[in-house]
Amino acid sequence: MNVPGPRKKRPARKLPGARYLPARLGPKAAEDEDARAGGDGSGLSLRAMLPNAVTAAALCSGLTGIRFAIDGQWAFAIGLVVLAGVLDGIDGRIARLLNAQSRFGAELDSLADSLSFGVAPALILFLWSLHSWDRFGWFAALAFAICCALRLARFNARIDVDDQPHKLAGFLTGVPAPVGAGLAFTPFYLWHETGYAGFREPIFMAAWLTLIAGLMISNLPTLSWASLRPRRSIRLPLIAFTGLAFAALLLEPWWTLAAISIAYLALMPYGLVKYARIRRRKQRAEAEVRPADPSAA
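Residues numbered from 1 in each chain as written. Predicted model: local features only at pLDDT ≥ 70, side-chain atom pairs only at ≥ 80, totals over all residues. Heavy atoms only, no water.

The subject of this paragraph is the overall build of the protein chain. Helix and strand counts for the protein chain stand at 11 helices and two strands. For the protein chain, buried positions account for 33% of its 297 residues. Contacts in the protein chain between residues at least 24 apart in sequence constitute 78% of all its contacts with a sequence separation of at least 6. Accessible surface, the protein chain: about 18800 Å² in total, of which carbon and sulfur atoms supply 66%. (Helix = DSSP H or I, 4+ residues; strand = E, 2+ residues; numbered from the N terminus. Buried < 20%, exposed > 50% of the residue type's maximum accessible area, 1.4 Å probe, protein only. Contact = heavy atoms within 4.5 Å. Areas by Shrake-Rupley, 256 points an atom, 1.4 Å probe, with all protein chains shown as cover.)

Once that is clear, we can look at the packing of helix α3 (residues 74-97) against helix α8 (residues 186-194). Contact pair α3 / α8: the axes reach a minimum separation of 12 Å and the direction vectors enclose 140 degrees. The orientation of α3 relative to α8 falls into the category oblique. Regarding α3 and α8, the two cross each other, and that crossing is left-handed. Judged by residue contacts, W74, A75, I78 and V82 of α3 engage F188, Y189 and H192 from α8. By residue class, the composition of the contact of α3 with α8 is six nonpolar, one polar and no charged. (Axes fitted to C-alpha atoms, helices over the stretch in contact; angles between N-to-C directions. Parallel < 35°, antiparallel > 145°, perpendicular 65-115°, else oblique. Left-handed = near helix turned anticlockwise from the far one by under 90°. Nonpolar A, V, L, I, M, F, W, Y, C, P; charged D, E, K, R; others polar.)

All right, on to the packing of aromatic side chains then. Applying the stated rule across the entire model yields 12 aromatic pairs. Here the aromatic rings of F188 and W254 are separated by 5.4 Å at their centres, their planes lie at 85 degrees, and the arrangement is edge-to-face. Of this pair, F188 sits in helix α8 while W254 sits in helix α11 (residues 253-289), and the two are 66 residues apart along the sequence. Geometrically, the ring pair formed by Y196 and F199 is edge-to-face, given 5.3 Å between the ring centres and 80 degrees between the ring planes. An aromatic cluster is built from W128, F188, Y189, W191 and W254, whose rings are joined through pairwise contacts. (Phe/Tyr/Trp six-rings, centres within 6.5 Å; stacked < 30°, edge-to-face > 60°.)

Okay, the pattern of salt bridges next. One pass over the full model with this rule turns up one salt bridge. A salt bridge links D71 to R67; its shortest N-O distance comes to 3.5 Å. (Salt bridge = Lys/Arg side-chain N within 4 Å of Asp/Glu carboxyl O.)

Turning to the confidence of the model for the protein chain, a few remarks are in order. Mean pLDDT over the protein chain stands at 82; residues scoring 70 or higher make up 79%. Residue range residues 11-42 is modelled with pLDDT below 50. Its contacts to residues more than four positions away, or to other chains, number 38 contacts. (pLDDT = per-residue confidence, 0-100.)

Together, R277, R280, R281 and R284 line one region of the surface with positive charge. Within the secondary structure layout, R277 lies in helix α11. The exposure class of R277 is partly exposed, given its relative accessible area of 38%. (Patch = residues over 30% accessible without salt bridge, like charges linked within 9 Å, V, L, I, M, F, W, Y side chains within 5 Å. Lys, Arg positive; Asp, Glu negative; His and termini not counted. Charge placed at Lys NZ, Arg CZ, Asp CG, Glu CD.)

Topologically, T186 is positioned in helix α8. Only 3.3 Å separates the side chain of T186 from the side chain of S261, close enough to count as a polar contact. Not counting residues up to four positions away in its chain, the partners in contact with T186 are W208 and S261. (Polar contact = N/O pair within 3.5 Å; in protein donor to acceptor, adjacent residues only side chain to side chain.)

Written out as structure tokens, the structure is:
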């Protein structure tokens with residue numbers, strides 16, 4: 001009597017096309033928050049939760065701005081989006097300071113940015129101005145929200161790519177989402193302080209919003225504040241100027257925000273020139289170290 005031997009275990013079937021998929025998707029960040037929290041699987045530590053909590057607070061701030069816009073309280077609505085931008089600048093620094101970066105945090109940050117700096121500004125500006133030009137005004141608001149989402153998706157898609165000329169040179173690609181929201185509100189800053197009705201004109205506002213949307217998804221190299229290295233001789237005056245700017249922001253917030261927006265736009269050509277200079281210098285250095293082609297002799 002033949003006794004059948006033990007059955008061989010079949011290898012697990014792979015999905016069609018699985019060999020074409022990368023082994024890992026998304027940001028290069030640790031996905032084992034539980035292990036870093038203590039390794040017992042009991043949950044995240046406060047260190048890992050804190051930056052995500054700040055991101056959630058930024059999201060709540062941006063979305064609450066829509067609620068105030070519905071009530072016609074424009075200053076509170078836009079002020080809350082600006083506050084969301086401040087919180088957005090803090091959460092990443094807290095995560096790096098506490099060594100609490102995670103893929104979850106990166107994805108949450110992108111989703112929060114899309115809502116706080118894409119959807120919320122589009123709705124606020126539609127209620128403030130664009131609703132008077134119903135159809136095309138809504139198209140402009142949609143263009144801004146969509147371009148903000150596209151910019152964030154492009155950022156996430158490239159975050160694992162090493163070959164990024166702008167990033168390697170210390171620049172960003174296009175206007176960041178929080179900066180784009182601040183630039184989109186520039187006509188409101190000026191309207192609030194001057195009362196000039198032209199800044200609230202829906203045709204002008206639609207053109208302005210479309211321009212900022214285009215800058216967000218553009219391939220233009222833009223200055224990164226983290227990469228700026230002021231010369232030693234101007235560091236103390238720069239600290240004094242920063243303190244005065246903060247005081248101006250407290251005393252005259254709308255004028256100060258308008259000045260910051262205009263200064264940022266004025267510095268964009270300087271960023272283009274500086275990036276071109278860095279790129280030429282890099283090309284010359286590569287040409288010097290490149291070995292001569294033997295076939296050219």
